[in-house]
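This is what each chain is made of:
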Amino acid sequence: MPRTARILATILTLVLVGAAHAAPARVLVYGPRGPLPAIKEAAETFGKARGIDVQVTAGPTPGWIDKAKLTADEVAAVAAYYASLPVPATQSGGPR
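The rules behind the values
Position labels on residues start from 1 in each chain and follow its written sequence. Thresholds applied to this predicted model are a pLDDT of at least 70 for local features of residues and 80 or more for the giving and counting of side-chain atom pairs; totals over whole chains, interfaces and linings are not thresholded and use all residues. The side-chain values count all of the structure's non-hydrogen atoms but skip hydrogen atoms and water molecules. We define a salt bridge as a contact between a side-chain nitrogen of Lys or Arg and a carboxyl oxygen of Asp or Glu at a distance within 4 Å. Counting from the N terminus, the helices are DSSP H or I runs at least four residues long and the strands are E runs at least two residues long. Here, a strand pair is defined by DSSP locating no fewer than two bridges between the strands. A clockwise path from the first strand over the helix to the second, with the strands pointing away from the viewer, defines a right-handed crossover. Whether two residues are in contact is decided by their heavy atoms, any of which lying within 4.5 Å being enough. To define axes, lines are fitted to C-alpha atoms, for helices over the stretch in contact only, and angles between the resulting N-to-C directions are given on a 0 to 180 degree scale. Multiplying 1.5 Å by the residue count of a helix minus one yields the expected span of that helix. Here the term buried applies to any residue with accessible area under 20% of the maximum for its type, exposed to any over 50%, and partly exposed to those in between, with areas from a 1.4 Å probe on protein chains only. The directions from the helix axis to the C-beta atoms form the arc being described. Buried residues of nine kinds, namely Ala, Val, Leu, Ile, Met, Phe, Trp, Tyr and Cys, make up a nonpolar core once their side-chain atoms join them within 4.5 Å.

S.K.: So what exactly am I meant to see when it comes to the pattern of salt bridges here?
M.R.: Opposite charge on two side chains allows them to pair when their charged atoms are near. The final tally for this structure, using the stated rule, is one salt bridge. A salt bridge links Lys48 to Glu44, with the shortest nitrogen-to-oxygen separation between them at 3.1 Å. Taken as a pair, Lys48 and Glu44 lie in helix α2 (residues 36-50) at a separation of four residues, close to a single helical turn.

This is the structure we're talking about:
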């Protein structure tokens, strides 16, 4: 795995640790298509280690942004724009 992908995977894993703090049954992650392989690898590794279903949705922003605003536990931020997106706090077992 290229160095950039390893760094992204490490950062996403740390972010997922925060999202899973309350041990939800699943974590919903949204992000761009470019880093998708690294995001999926980090999600799979984290999910197996924590026994959590991590679902990744990626692609062009217009295809997922509205749903992410309502349901995302995390947005894989690869640019300042993505990091500034409002993501509501969710509770384990709450409506999605």
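The rest of the description comes next.
S.K.: What am I meant to see in the pairing of strand β2 (residues 53-58) here?
M.R.: Walk down a regular strand and you will see the side chains alternate between the two sheet faces. Both strand β1 (residues 26-31) and β2 contribute to a ladder of six bridges, which runs parallel. When the sheet's bridge partners are listed, Leu28 is paired in β2 with Gln55. For the crossover from β1 across α2 to β2, the handedness is right-handed.

S.K.: What should I look at first to understand the sheet that holds strand β3 (residues 74-75) in this one?
M.R.: Two orientations exist for strands paired in a sheet by backbone hydrogen bonds: parallel and antiparallel. If you trace the three strands from one edge of the open sheet to the other, you get β2-β1-β3, paired in parallel fashion. At either margin of the open sheet sits one strand with a lone partner, and together these are β2 and β3. Contacting β1 and β2, α2 crosses the sheet at an angle of about 170° to β2.

S.K.: Would you mind going over α2 with me for this structure?
M.R.: An α-helical turn contains 3.6 residues, so any two residues separated by three or four positions project in the same direction. In a regular helix each residue adds 1.5 Å, so 15 residues correspond to 21 Å; α2 covers 21 Å between its end C-alpha atoms and thus fits that length. Taken together, the buried positions of α2 are Ala38, Ile39, Ala42, Ala43, Phe46 and Gly47. Looking straight down α2, one finds its buried side chains confined to an arc of 155°; they lie on one side. Away from the buried face of α2 by more than 90 degrees, exposed residues Pro37, Thr45 and Lys48 are located.

S.K.: I keep staring at the nonpolar core and nothing clicks. Help me out?
M.R.: Buried together is how nonpolar side chains tend to be arranged in soluble globular proteins. Among the nonpolar cores identified, the biggest contains eight residues, and these are Val27, Val29, Ile39, Ala43, Phe46, Ile52, Val54 and Ala76. If you list the elements that add at least two residues to this core, you get β1 and α2. If one sorts the elements of this core by residue count, α2 sits on top with three residues. Counting residues in each nonpolar core, the second largest holds seven residues, with Leu28, Tyr30, Ile65 and Val75 among its members.

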